[in-house]
Amino acid sequence: MDAVFLHCSPPRDGVVSLGIEVNVLPAAVEACRERGGLVVAQVNDRMPFTHGDALVPVEHIDLALEASSPLPTPPAAAPLGEDARAIGERVAAMVPDGATLQMGIGAVPDAVLAALTGHRGLRLWTEMFSDGVLALDAAGALDDDHPLTTSFLFGTQDLYDWLDGNRRVHLLRTERTNDPALIARQRSMTSINTALEVDLFGQANASRIDARIHSGFGGQTDFIVGALHSQGGQAIMALRSWHPKADVSTIVPMVDEPVTSFQASAIVTEQGVAPLFGHSEKEQARHLIERTAHPRVRDELWEEAEHLGLA
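The structure displayed is predicted, hence computed values, not measured ones.

Some details on the pairing of strand 3 (residues 38-44)
On a regular strand, each side chain points to the face opposite its neighbour's, so the side chains alternate between the two faces of the sheet. Burial analysis of strand 3 places five of its seven residues in the buried class, the great majority of the element. The pairing of strand 1 (residues 3-8) with strand 3 spans six bridges and is parallel. Each bridged residue has a counterpart across the sheet, and for Cys 8 the counterpart in strand 3 is Val 43. Pairing between strand 3 and strand 6 (residues 63-67): five bridges, direction parallel. Bridge pairing in strand 6 links Asn 44 to Ala 67.

Here is the structure:
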């Protein structure tokens, strides 16, 4: 027998809420019920009650178990370093007031959000978000008349408290949040992602190191395509020019791992901004070397660019 296990809030007005994670769960529940399967719910009084596709009628649940467990939270974030701050400020300078944002979790997205508090009328259409949005809300940077759309969330208890009953936040199933056609309809859609490395052709590897998966790339490709089809949209790839742990350049001659994406409007590091969209291959390579690569590898990159026919 098929079975789906849910982690949800206590019921309100005959429905429970999936809380901080909708993702593919609505589709799983629908498929399970169509096949006569069992829907089991852990009802946790610590789960915030969120809206949108997060709502599940109580009659769709076959078995419910009560619980009272704290939700997972990320480890305390280290203070933003100078590189992350510089990247955040450069990206923020590229974002117009009124833009719709997509970004994930981590030092670079947090730095971008911190640098956007002076903006106004910002909207959110993303696969996930974290505590950085709280600062935008407190600063009055968000469009109060437009919902904040996401598929799941992960953050501190402060974020979860803010979410509970907050009708401004709409959690939608992944089939909708990650639909490039719906993404493209958003006003000035601005996709902000990161990668492990970017090569002189503008190709990004966001998932593998030494042929092993380091991180899933999530909805990166969906949002890049959607942003590039949005009127006034742009797809920004932001990363440090030097990987501190591996002690290597993140701007490389050619990626030797599977390519995650290759359509970024611009690459941003703490060194500068390399515009790619609308430029020739040779111009792209020159921008990447001169504006985003770490100074200690620029000569080497120029030598490799010659061999690749990009100089």
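Structural notes on the side chain of Asn 205
Note on placement: Asn 205 falls in strand 15 (residues 204-205). Asn 205 sits in the buried class, given a relative accessible area of 1%. With near-sequence residues (within four places) excluded, Asn 205 lies in contact with Ala 195, Leu 196, Glu 197, Val 255, Glu 257, Pro 258 and Thr 260.

Comments concerning the packing of helix 2 (residues 82-94) against helix 3 (residues 107-115)
Packing of helix 2 against helix 3 leaves a shortest axis separation of 7 Å and a crossing angle of 55°. Viewed along their axes, helix 2 and helix 3 adopt a mutual orientation that is oblique. In the packing of helix 2 onto helix 3, the handedness of the crossing is right-handed. Taking contact as the criterion, the partners of Ala 84, Arg 85, Ile 87, Gly 88, Glu 89, Val 91 and Ala 92 in helix 2 are, on helix 3, Ala 107, Val 108, Ala 111, Val 112 and Ala 115.

Here's the deal with the side chain of Asn 44
You can see Asn 44 is positioned in strand 3. Within the structure, the side chain of Asn 44 is placed 2.8 Å from the backbone oxygen of Ser 69, a separation counted as a polar contact. Every residue in contact with Asn 44, bar those within four places of it in the chain, is listed here: His 7, Cys 8, Ser 9, Pro 10, Ala 67, Ser 68, Ser 69 and Leu 71.

Things to note about the packing of aromatic side chains
What the rule picks out here adds up to one aromatic pair. Centre to centre, the rings of Phe 129 and Trp 162 are 6.5 Å apart; their planes meet at 70°, and the pair counts as edge-to-face. Remark: Trp 162 occurs in helix 5 (residues 157-163) and Phe 129 occurs in strand 9 (residues 128-129); sequence separation between them is 33 residues. Each member of the pair, Phe 129 as well as Trp 162, is classed as buried.

Remarks on the pattern of salt bridges
Inspection of the entire model under this criterion finds nine salt bridges. Among the charged side chains, a salt-bridge network with shared partners connects Glu 30, Arg 173 and Glu 175.

So, the sheet that holds strand 6
Ordered in space as 1-3-6, the three strands form an open sheet in which the pairing is parallel. In this open sheet, the two edge strands, each paired with only one partner strand, are strand 1 and strand 6. In this sheet, neighbouring strand axes are inclined to one another by 20° on average, regardless of whether the strands run parallel or antiparallel. Seen against the sheet, helix 1 (residues 25-34) touches strand 1 and strand 3 and runs at an angle of roughly 140° to strand 1.

Scoring rules and cut-offs
- Residues numbered from 1 in each chain as written.
- Predicted model: local features only at pLDDT ≥ 70, side-chain atom pairs only at ≥ 80, totals over all residues.
- Heavy atoms only, no water.
- Buried < 20%, exposed > 50% of the residue type's maximum accessible area, 1.4 Å probe, protein only.
- Helix = DSSP H or I, 4+ residues; strand = E, 2+ residues; numbered from the N terminus.
- Pairing = 2+ DSSP bridges.
- Contact = heavy atoms within 4.5 Å.
- Axes fitted to C-alpha atoms, helices over the stretch in contact; angles between N-to-C directions.
- Parallel < 35°, antiparallel > 145°, perpendicular 65-115°, else oblique.
- Left-handed = near helix turned anticlockwise from the far one by under 90°.
- Polar contact = N/O pair within 3.5 Å; in protein donor to acceptor, adjacent residues only side chain to side chain.
- Phe/Tyr/Trp six-rings, centres within 6.5 Å; stacked < 30°, edge-to-face > 60°.
- Salt bridge = Lys/Arg side-chain N within 4 Å of Asp/Glu carboxyl O.

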